[in-house]
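Commentary on secondary and tertiary structure
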Amino acid sequence: MNISFDLDSTLIPNGKEFETEKRSGIAKFFGIEEMRKGTAELITELKKEGNKIHVYTTSFRTKRIIRRTLKYYGITVDRIVNQTENQRELKMRNINSSKYPPAFDFDIHIDDSNGVGIEAERHNFRAIIIEPSDKNWIEKIKKDIKTLHNNV
């Protein structure tokens, strides 16, 4: 299964909304962003189960910068879609939505935005919405992936 993750307020904090992994002073100096605690373990587990993992963000960060931050935490992903690519693809398809995971062959998208949840219903794609403050976010994602996978 192709699973995509949002970045801001899902894996990378916009403030202090969730606990993050430790980061060295040098990493901070080189612009490595904070990462939600448990992200690397979750992604590793999902990959071991045979899933492909992607980043799907409406951020204008370059793919290189995103990949560098992920690599610092030991995370590799199969594909990164940033806002530049997202806008181009959705415009080509004439889709009026902030995100549309099926355009990139993503089966499930994980995000913090309730708006993306509404778009998922409106445009018939599968999304898991997690609250930034949810301490059981990993369990919720695993449970919801199983449920969605069984309903395919």
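Each remark here, short or long, concerns the structure printed above.
Reference entry: report on the structure contained in this document.

Each value, and the rule that gives it
- Residues numbered from 1 in each chain as written.
- Predicted model: local features only at pLDDT ≥ 70, side-chain atom pairs only at ≥ 80, totals over all residues.
- Heavy atoms only, no water.
- Helix = DSSP H or I, 4+ residues; strand = E, 2+ residues; numbered from the N terminus.
- Rg over C-alpha atoms; globule rule 2.2 N^0.38 Å.
- Buried < 20%, exposed > 50% of the residue type's maximum accessible area, 1.4 Å probe, protein only.
- Contact = heavy atoms within 4.5 Å.
- Areas by Shrake-Rupley, 256 points an atom, 1.4 Å probe, with all protein chains shown as cover.
- Pairing = 2+ DSSP bridges.
- Axes fitted to C-alpha atoms, helices over the stretch in contact; angles between N-to-C directions.
- Patch = residues over 30% accessible without salt bridge, like charges linked within 9 Å, V, L, I, M, F, W, Y side chains within 5 Å.
- Salt bridge = Lys/Arg side-chain N within 4 Å of Asp/Glu carboxyl O.
- Arc of directions from axis to C-beta.

Once that is clear, we can look at the overall build of the chain. Helix and strand content of the chain: six helices and five strands. Mapped from its N terminus to its C terminus, the chain presents α and β elements in the order β-α-α-β-α-β-α-β-α-β-α. In terms of C-alpha radius of gyration, the chain reaches 15 Å, essentially the compact-globule figure of 15 Å for 152 residues. Projected onto the principal axes, the alpha-carbon positions of the chain cover approximately 45 × 30 × 30 Å. Considering the chain as a whole, with its 152 residues, one finds that 48% of them fall into the buried category. Once local pairs closer than 6 in sequence are excluded, the contacts in the chain between residues at least 24 apart make up 59%. Split by element, the accessible area of the chain, about 8,400 Å² in all, is 49% carbon and sulfur.

So, on to the sheet that holds strand E5 (residues 126–129). An order of E3-E2-E1-E4-E5 is seen for the five strands of this open sheet, with the pairing classed as parallel. Here the strands that pair on one side only, and so sit at the sheet edges, are strand E3 (79–81) and E5. On average, each strand axis in the sheet is tilted by 25° relative to the strand beside it, whichever way the strands run. In the packing of helix H2 (residues 39–48) onto the sheet, the strands contacted are strand E1 (2–5) and strand E2 (52–56), and the crossing angle to E1 comes to about 170°.

Right, let's get into a nonpolar patch on the surface. Together, Ile-26, Phe-29 and Phe-30 line one region of the surface with nonpolar side chains, adding up to about 400 Å² of accessible area. One can find Phe-30 in the loop between helix H1 (25–29) and H2. Among the residues examined, Phe-30 registers a relative accessible area of 52% and is labelled exposed.

On to helix H3 (residues 63–72), then. Listed in full, the buried residues belonging to H3 are Ile-66, Thr-69 and Leu-70. One side of H3 holds all its buried residues, which, seen down the axis, span an arc of 100°. Along H3, the residues that are exposed and aim more than 90 degrees away from the buried face are Arg-64 and Lys-71. Elements that come into contact with the buried residues of H3 comprise E2 and E3.

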